[in-house]
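What follows is the residue order along each chain.
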Amino acid sequence: MNSIISRITDKVWKLSSDGNLYFLDFDKKIIIDTGARSNVHIVRQFLSKIIDFEKVGIVIFTHLHFDHVGNFDLFPNAEFYASAESIEDFQENPFGCVLMQDIAVKLKSVKLNPLPDRFYGLEIIKTPGHTRGSICLWYPEEKILFSGDTLFFNRNMGRLDLPTSVPDKMNESLMKLVAYNYKILCPGHDY
Ligand SMILES: [Zn+2]
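Let us look at the structure shown here.

Cut-off values and rules
- Residues numbered from 1 in each chain as written.
- Predicted model: local features only at pLDDT ≥ 70, side-chain atom pairs only at ≥ 80, totals over all residues.
- Heavy atoms only, no water.
- Donors = N, O, S within 2.8 Å, 3.2 Å for Na, K, Ca; no water.
- Tetrahedral: all angles 85-135°; square planar, octahedral: opposite > 155°, others 65-115°.
- Helix = DSSP H or I, 4+ residues; strand = E, 2+ residues; numbered from the N terminus.
- Buried < 20%, exposed > 50% of the residue type's maximum accessible area, 1.4 Å probe, protein only.
- Arc of directions from axis to C-beta.
- Contact = heavy atoms within 4.5 Å.
- Pairing = 2+ DSSP bridges.
- Axes fitted to C-alpha atoms, helices over the stretch in contact; angles between N-to-C directions.
- Core = buried A, V, L, I, M, F, W, Y, C linked by side-chain atoms within 4.5 Å.
- Right-handed = clockwise from strand over helix to strand, strands pointing away.

## Considering the coordination of the zinc ion
Thinking step 1. Around the zinc ion, the protein supplies His 63 (NE2), His 65 (ND1), His 130 (NE2) and Asp 149 (OD) as donor atoms, at distances of 2.1 to 2.3 Å.
Thinking step 2. Note that the zinc ion binds 4 donor atoms; their angles at the metal cover 91 to 174°, and the shape is irregular.
Thinking step 3. Along the chain, the residues donating to the zinc ion are arranged with the sequence spacing H-x1-H-x64-H-x18-D. You can see His 65 sitting in the loop between strand E5 (56-60) and helix H2 (66-69) and its partner Asp 149 sitting in the loop between strand E11 (144-148) and helix H6 (167-178), a full 84 residues away along the chain.
Thinking step 4. Residue class for Asp 149 comes out buried when judged on its relative accessible area of 5%.

## A short note on helix H1 (residues 40-47)
Thinking step 1. Where H1 is concerned, the buried positions are Val 40, Val 43, Phe 46 and Leu 47. In an axial view of H1, the angular spread of the buried residues amounts to 155°, which keeps them on one side of the axis.
Thinking step 2. Close packing links the buried residues of H1 with strand E1 (5-7), strand E2 (12-15), strand E3 (21-25) and strand E4 (29-32).

## Overview of the sheet that holds E2
Thinking step 1. With mixed pairing, 7 strands are arranged side by side in an open sheet as E1-E2-E3-E4-E5-E6-E7. Of all the strands in the sheet, just E1 and strand E7 (112-114) have a single pairing partner and so form its edges. Direction aside, neighbouring strands of the sheet carry axes that sit 25° apart on average.
Thinking step 2. In terms of strand pairing, strand E6 (residues 79-82) meets E7 through 3 bridges, oriented parallel. Looking at the pairing, Ala 82 lines up with Pro 114 of E7.
Thinking step 3. Against the sheet, H1 engages E1, E2, E3 and E4, with an angle of about 145° to E2.

## Things to note about H6
A turn of α-helix holds 3.6 residues, and therefore any two residues three or four places apart point the same way.
Thinking step 1. Burial in H6 covers these residues: Met 170, Ser 173, Leu 174 and Leu 177. Considered in projection along H6, the buried side chains sweep an arc of 100° and stay on one side of the axis. For H6, the exposed residues set more than 90 degrees away from the buried face come down to Asp 168, Asn 171, Glu 172, Met 175 and Val 178.

## Overview of the nonpolar core
One recurring pattern in soluble globular proteins is that nonpolar side chains are buried together.
Thinking step 1. Grouped together as the largest cluster of nonpolar side chains are 32 residues, with contacts concentrated most on Leu 47, Phe 61, Phe 75 and Leu 107.
Thinking step 2. Looking at this core, the elements with two or more residues in it are E2, E3, H1, E5, E6, helix H3 (84-92), helix H4 (94-98) and helix H5 (101-107).
Thinking step 3. The element contributing the most residues to this core is H1, with 4 residues.
Thinking step 4. Discounting chain neighbours no more than four positions away, the residues touching Leu 47 are Ile 5, Leu 15, Leu 21, Phe 23, Ile 31, Ile 42, Phe 53 and Phe 75.

## Focus on the pairing of E5
Thinking step 1. For E5, the tally of buried residues reaches 5 of 5 residues, placing the bulk of the element in the interior.
Thinking step 2. Sheet topology places E4 next to E5; 4 bridges connect them, and they run parallel. Each bridged residue has a counterpart across the sheet, and for Ile 31 the counterpart in E5 is Val 59.
Thinking step 3. What joins E4 to E5 is H1, and the crossover it makes is right-handed.

Bear in mind that shape data such as this cannot, by itself, settle questions of function.
What follows is the structure, given as structure tokens:
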């Protein structure tokens, strides 16, 4: 058994990487975050065991830091989604949003679509703090919370000192998450 890729539930897979990636095997094939570019070989090798990259229809970014968007280009047929706030910040300040110049430049080549409140059985929760546009995703059917860099294990939280951070909002965002009685936490990093 390897710990790089694991099946969390029937329809949800996790690829542990520098920036975790989640694969949702719904009618539409969905990826949440794509990991850091430095891990492209790991993503290619392990994710290809469970899915044909060409079949991924949707990629959702919890925010646009380089360790979450780094491998977006592995999915040639996907539509890309992020919060309206993240897209706005990216248009204004690509480097500040992504924190790595070459990835920021590459990301300009795709259309980023704003996420609605509900999306393929997922609820989008706006959780500004780590970045202004950070979101978490709630999958009610399995009580899974995809928490990006807002909430990690052991109640750790994401950094608040980055260019698009809004530290004043973090507490409110974390309180919002308390209301979701999750069974499984799927964070952006296993800190
Ligand atoms: Zn981040």
